[in-house]
Amino acid sequence: MKIGVLDLQGSVTEHINMLKKIETVIPVRVKYKDQIERIDGLIIPGGESTTISKLLKSFDLMDILKKRIKRGMPIWGTCAGMILLAKKIDGSDNAHLKVMDIDVKRNAYGSQLDSFLIEDKIPDISKKSIPLVFIRAPYITNVSNDVKILKKVNEKIVAAKQKNILVTSFHPELTGNDCVHKYFIRNFFNNNFLL
Ligand code: GLN
């Protein structure tokens, strides 16, 4: 199975390295339209959402990506990736791909210096505590009825899914713990997300 990591800006190599550990996956860096047509699923890494959005436009990837996501291609956005997938960004009239029924608040915990690491369980993903790394992270402020909340930290939603779309405020690719990558690969393909 070919899983792409959007290779425009951000923690691309870290996601590729995590995917390399999963036997059934062939990880590929993607930045051109024809590559997006040939992948089975995609990860949008953390980084800076405004920058990634500008690059999506200059590489002419917005439409093809939206089309593939709407047709059911599994996609996971980490941190900036989550912001790019949201239909609404608090305090802004603009959003980017607008495919997931969530509102997000950018830089919701404050500045870079307010970044933090905790260890916690995510019942659907890991029964054991796993490291959750928040770097100038967003959280979700509102969800529609068919969005499933996967994790809250201090009452704030930091992981959720809707059909073929998974989002996390935090960065599993920076931790060495591959639970969330495995969860994405095991649960979002073969139409499992419809269950
Ligand atoms: N603060 C960044 C943004 O708003 C996201 C940070 C991250 O991806 N670690 O895009």
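Here, the structure is the one placed above.
Criteria and cut-off values
- The residue numbering used here restarts from 1 in each chain and proceeds along that chain's sequence as written.
- In view of the model being predicted, local features appear only for residues whose pLDDT reaches at least 70, and side-chain atom pairs are presented and counted only at 80 or more, with totals across whole chains, interfaces and linings using the full set of residues.
- To obtain the side-chain values, all non-hydrogen atoms of the structure were included, while hydrogens and water were left out.
- Take the buried residues of types Ala, Val, Leu, Ile, Met, Phe, Trp, Tyr and Cys, join any two whose side-chain atoms come within 4.5 Å, and each joined set is a nonpolar core.
- Per-residue accessibility, obtained with a 1.4 Å probe over protein chains only, is compared with the maximum for each type, and a residue is labelled buried under 20%, exposed over 50%, and partly exposed between these values.
- Secondary structure elements are taken from DSSP: a helix is a run of H or I of four residues or more, a strand is a run of E of two residues or more, and numbering for both begins at the N terminus.
- Contacts were defined at the residue level, with two residues in contact if any of their heavy atoms lie within 4.5 Å.
- Strands qualify as paired when DSSP identifies two bridges or more between them.

Participant: I tried to follow the nonpolar core on my own but got confused; where do I start?
Facilitator: Within soluble globular proteins, side chains that are nonpolar generally end up buried alongside one another. Judged by nonpolar contacts, the single largest core of 35 residues is most densely connected at Leu 6, Leu 42, Leu 56, Leu 85, Leu 97, Ile 102 and Val 167. Those elements that place two or more of their residues in this core are β3 (41-44), α3 (49-58), α4 (62-70), α5 (80-85), β5 (86-89), β6 (100-105), β11 (156-162) and β12 (165-168). Ranked by residue count, the leading element in this core is α5, at five residues. For Leu 97, the contacting residues outside a window of four places in its chain are Ile 44, Leu 56, Met 62, Leu 65, Lys 66, Leu 84 and Leu 85.

Participant: I would appreciate a short explanation of the pairing of β11 in the present structure.
Facilitator: Strand residues, when the strand is regular, have side chains that alternate between the two faces of the sheet. A large share of β11 lies buried, amounting to six of its seven residues. Across five bridges, strand β10 (residues 148-153) lies against β11 in antiparallel orientation. Note that in β11 the partner of Lys 148 across the bridge is Lys 161. Between the antiparallel neighbours β10 and β11 lie two residues, among them Asn 154 with a positive phi of about 50°. The hairpin turn running from β11 into β12, its antiparallel successor, is two residues long, and Lys 163 in that turn takes a positive phi close to 50°.

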